[in-house]
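Analysis of the macromolecular model
If you want the building blocks of each chain, they are given just below.
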Amino acid sequence: MAPRLFTCFRKASSRSNHIATTPEEHPRGPILVELFSSQGCSTSTEAEWLFSRLGRGDFNLEIPLVLLAYHVDYWDYNGWKDPFASSQWTVRQRAYVETLNLDTIFTPQIVVQGTDQCMGNEEEALLSCIMAARRTPAPLFQATFQRASPGELEVSLTGSLRTKVDHEGVNIMVALFECGLITECQAGANQRRVLACDYVVRRLEKLCSAKDISAKKTISGAVTFSLWEDFKPAKCGIALFVETPSRRILGSQKFQLPETV
């Protein structure tokens, strides 16, 4: 069952600082893989399973990945309101529909490095997109975490993009994601199913914008995330990614949150 403009596709309190170390310097960095999904879409469940397998390394790709899953809200009308859905993620997906010249918005969708896309529940297409993706040097940032208040997490970042930025500029984005989410779906397309989700984006903020800078230029900034009631640092991570105005990804980096933050 599909609405007119989108489709669900089947197969064809401490204030002490915590510092995360930067990754080793490699000439080619991780690939950013974004999943657009919904608990209200019956075929998104298989895509979520494949996404979790990517994170576990089941496919032996030998390519570092940064994984982010966005739960869109346009399936919430269908009997079940996805507890992780946001109109902010729908807006992000619609931007990809425009920049990638697609005819419609749909779930589950995979976008790789902001330049290629496929259906999220098709394993062969997913792996082909990843293997064909252009890799760029990973940003080299150091992250410091602080609980400014019980309901807020402040992330301070200092480092370099390791990619030259021209006059068109880039946005440096920081996502807070959560793994190990389990939902008992009581209605809708997945009624009476237990749904497992990983790498679910809970918050997304812009660190800063930059243009006309060298690859080694030092950039510093901070973002503050509002936290949810059952926030557990051990289940969460931070992803930083650099995107152009056309959504092309120029680099990405991830950090695990300290359990004691």
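Scroll up to find the structure.
1. Some details on the overall build of the protein chain
- Check the secondary structure of the protein chain and you find three helices and 16 strands.
- In the protein chain, which comprises 261 residues, the proportion classed as buried is 54%.
- Summing over all exposed atoms, the protein chain offers an accessible surface of approximately 12,400 Å²; the carbon and sulfur share of this is 47%.

2. Describing the pattern of salt bridges
- All chains considered together, the criterion is met by nine salt bridges.
- Linking Glu-123 and Arg-53 is a salt bridge whose minimum nitrogen-to-oxygen distance equals 3.9 Å. Within this pair, whereas Glu-123 is found in helix H3 (residues 123-132), its partner Arg-53 is found in helix H1 (residues 44-56), the two being separated by 70 residues in sequence.
- Residues Glu-178 and Lys-235 are paired through a salt bridge, measuring 3.7 Å at the closest nitrogen-oxygen approach. Taken together, the positions of Glu-178 in strand E10 (residues 170-178) and Lys-235 in the loop between strand E14 (219-226) and strand E15 (236-243) put the pair 57 residues apart, joining distant regions of the chain.
- Salt bridges linked by common partners bring Glu-34, Arg-92, Glu-243 and Arg-247 together as one network.

3. What to know about H3
- All of the buried residues along H3 are Leu-126, Leu-127, Cys-129 and Ile-130. Across the axial projection of H3, the buried residues extend over an arc of 155°, all falling on one side. Turned more than 90 degrees off the buried face of H3, the exposed positions are Glu-124 and Ala-132.
- For H3, the secondary structure elements touched by its buried residues are strand E3 (31-37), H1, strand E4 (65-71), strand E6 (109-112) and strand E7 (116-119).

4. Some thoughts on the packing of aromatic side chains
- Counted under the stated rule, the structure contains eight aromatic pairs.
- Taken together, the ring pairs in this structure connect Phe-36, Tyr-70, Trp-89 and Tyr-96 into an aromatic cluster.
- Against the face of Trp-49 rests Arg-53, its NZ or CZ located 4.9 Å from the ring centre.
- Taking the ring centre of Trp-228 as reference, the NZ or CZ of Arg-202 above it sits at 4.2 Å.

5. Describing the environment of Arg-134
- Tracing the sequence through the fold places Arg-134 in the loop between H3 and strand E8 (140-149).
- Relative accessible area serves as the criterion here: at 59%, Arg-134 is assigned to the exposed category.
- Taking the C-alpha atoms as reference points, Arg-134 and Ile-31, separated by 103 residues in sequence, lie 8.0 Å from one another.
- Discounting residues that sit within four places of it in the chain, Arg-134 has contacts with Gln-113 and Arg-248.

6. Describing the pairing of E4
- Along E4, seven of the seven residues are buried, which leaves the element largely enclosed by surrounding structure.
- Residues Leu-65, Leu-67, Ala-69 and His-71 line one face of E4 and the alternating positions Val-66, Leu-68 and Tyr-70 line the opposite face, and both faces are buried.
- Where E3 lies against E4, seven bridges are found, and the strand directions are parallel. Residue pairing across strands places Leu-35 opposite Ala-69, the latter belonging to E4.
- Considered for its hand, the β-α-β crossover made up of E3, H1 and E4 is right-handed.

7. A look at the environment of Gln-142
- Residue placement: Gln-142 occurs in strand E8.
- With a relative accessible area of 39%, Gln-142 lands in the partly exposed category.

8. Description of the nonpolar core
- Formed by 46 residues in total, the largest nonpolar core has its most connected members in Val-33, Phe-51, Leu-54, Leu-65, Leu-68 and Ile-130.
- Broken down by element, the residue count for this core peaks at six residues, all from E4.
- Filtering out sequence-adjacent residues up to four positions away, Leu-54 remains in contact with Phe-59, Leu-61, Leu-65, Leu-67, Leu-126, Leu-127 and Ile-130.
- Counting 30 residues, the second-largest nonpolar core is a separate cluster that includes Val-170, Val-174, Val-242 and Phe-255.

Conventions we followed
- Residues numbered from 1 in each chain as written.
- Predicted model: local features only at pLDDT ≥ 70, side-chain atom pairs only at ≥ 80, totals over all residues.
- Heavy atoms only, no water.
- Helix = DSSP H or I, 4+ residues; strand = E, 2+ residues; numbered from the N terminus.
- Buried < 20%, exposed > 50% of the residue type's maximum accessible area, 1.4 Å probe, protein only.
- Areas by Shrake-Rupley, 256 points an atom, 1.4 Å probe, with all protein chains shown as cover.
- Salt bridge = Lys/Arg side-chain N within 4 Å of Asp/Glu carboxyl O.
- Arc of directions from axis to C-beta.
- Contact = heavy atoms within 4.5 Å.
- Phe/Tyr/Trp six-rings, centres within 6.5 Å; stacked < 30°, edge-to-face > 60°.
- Lys NZ or Arg CZ within 6 Å of the ring centre and 35° of its normal.
- Pairing = 2+ DSSP bridges.
- Right-handed = clockwise from strand over helix to strand, strands pointing away.
- Core = buried A, V, L, I, M, F, W, Y, C linked by side-chain atoms within 4.5 Å.

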